[in-house]
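Read off the chains here:
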Amino acid sequence: MKGCEIEAAVREAMMSKKAFIVANATTITTKRLREEIGQELGLSVESMAGVKSLVKSLALEFLAPAQAEEAGSKAGPRTKKAAQNVSSEITALKRVLKLATIRIPPRVFVINKHKEESLRVALESLLEKHGLSVSSSRKRINKVKKRLEVERDMEGIDVSNVIAGGRRQ
């Protein structure tokens, strides 16, 4: 298949999966979507790499109207004070995450772009994953920070080169 033929086939496959993409917006990744479409079309991973941006843009195109409908259908208008309260909670969560050097995946913000409440829940679950909360003490935050720094340092070390045992004399 040529480049333009692959793009046309991918567009058609994406259109057939539109309902699936919208229904699974919070769990499906563009990588997984590319893999499924590649399998469906019988294409290799290498040939699907050329349509990476096309798959992503079409998926976002499908999700934008769905998110707008969802935002418009929320019951009752929110007051300014409630919105400020939620955003201040998000700010506090982000502050604790930053102090503990916990990295927030960009995907969290993309998925919860227009949903402050679900963003707050996602950030809280990220803190809980590391054993923290908004009201965690500075001591506890520093303990998690140190543990994460050690984990990141150990990430690049090949443990097969480590010599077991004490020093030789």
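Residues numbered from 1 in each chain as written. Predicted model: local features only at pLDDT ≥ 70, side-chain atom pairs only at ≥ 80, totals over all residues. Heavy atoms only, no water.

A. Molecular detail of helix α1 (residues 3–16). Across its 14 residues, α1 extends 20 Å between first and last C-alpha, which sits within 8% of the 20 Å expected from 1.5 Å per residue. All of the buried residues in α1 are I6, A9, V10, A13 and M14. Seen along its axis, α1 keeps its buried residues to an arc of 135 degrees; they face one direction. Facing away from the buried side of α1 by over 90 degrees, the exposed positions are C4, E12 and M15. (Helix = DSSP H or I, 4+ residues; strand = E, 2+ residues; numbered from the N terminus. Expected span 1.5 Å × (residues − 1). Buried < 20%, exposed > 50% of the residue type's maximum accessible area, 1.4 Å probe, protein only. Arc of directions from axis to C-beta.)

B. Spotlight on the packing of aromatic side chains. Across all of its chains, the model carries zero aromatic pairs by this definition. Taking NZ or CZ as reference, K17 lies 5.5 Å from the ring centre of F20, over its face. (Phe/Tyr/Trp six-rings, centres within 6.5 Å; stacked < 30°, edge-to-face > 60°. Lys NZ or Arg CZ within 6 Å of the ring centre and 35° of its normal.)

C. Layout of the environment of K18. Relative to the helices and strands, K18 resides in helix α2 (residues 18–23). For the pair K18 and L63, spaced 45 residues apart in sequence, the C-alpha separation works out to 9.0 Å.

D. The arrangement of the packing of α1 against helix α3 (residues 30–41) in detail. Two elements in contact, α1 and α3, have axes separated by 10 Å at closest approach and are oriented at 110 degrees. In terms of orientation, α1 and α3 fall into the roughly perpendicular class. With respect to the hand of their crossing, α1 and α3 are arranged in right-handed fashion. Residues A9, V10, A13, M14 and S16 of α1 touch α3, and the partners they reach there are L33, I37, E40 and L41. Residues of the contact of α1 with α3, tallied by class, amount to seven nonpolar, one polar and one charged. (Axes fitted to C-alpha atoms, helices over the stretch in contact; angles between N-to-C directions. Parallel < 35°, antiparallel > 145°, perpendicular 65-115°, else oblique. Left-handed = near helix turned anticlockwise from the far one by under 90°. Contact = heavy atoms within 4.5 Å. Nonpolar A, V, L, I, M, F, W, Y, C, P; charged D, E, K, R; others polar.)

E. Structural detail: helix α8 (residues 116–129). Between its first and last C-alpha, α8 extends 20 Å over 14 residues, near the 20 Å set by a 1.5 Å rise per residue. The set of residues buried in α8 consists of L119, R120, L123, L126 and L127. Projected down its long axis, α8 shows its buried positions confined to an angular sector of 125 degrees, all on one face. Of the exposed residues in α8, the ones pointing more than 90 degrees away from its buried face are E128 and K129. In the segment just after α8, G131 is the residue with positive phi, at about 80 degrees.

F. Region of the structure containing the side chain of H130. Among the structural elements, H130 can be located in the loop between α8 and α9 (138–155). When residues no more than four places from it in sequence are discounted, the contact partners of H130 are I102, R140, V144, R147 and L148.

G. Broad picture of the confidence of the model for the protein. Mean pLDDT over the protein works out to 82, with 85% of the residues at or above the 70 mark. For the protein, helix α5 (residues 52–72) is the element with the lowest average pLDDT, namely 74, and α9 is the one with the highest, namely 92. (pLDDT = per-residue confidence, 0-100.)

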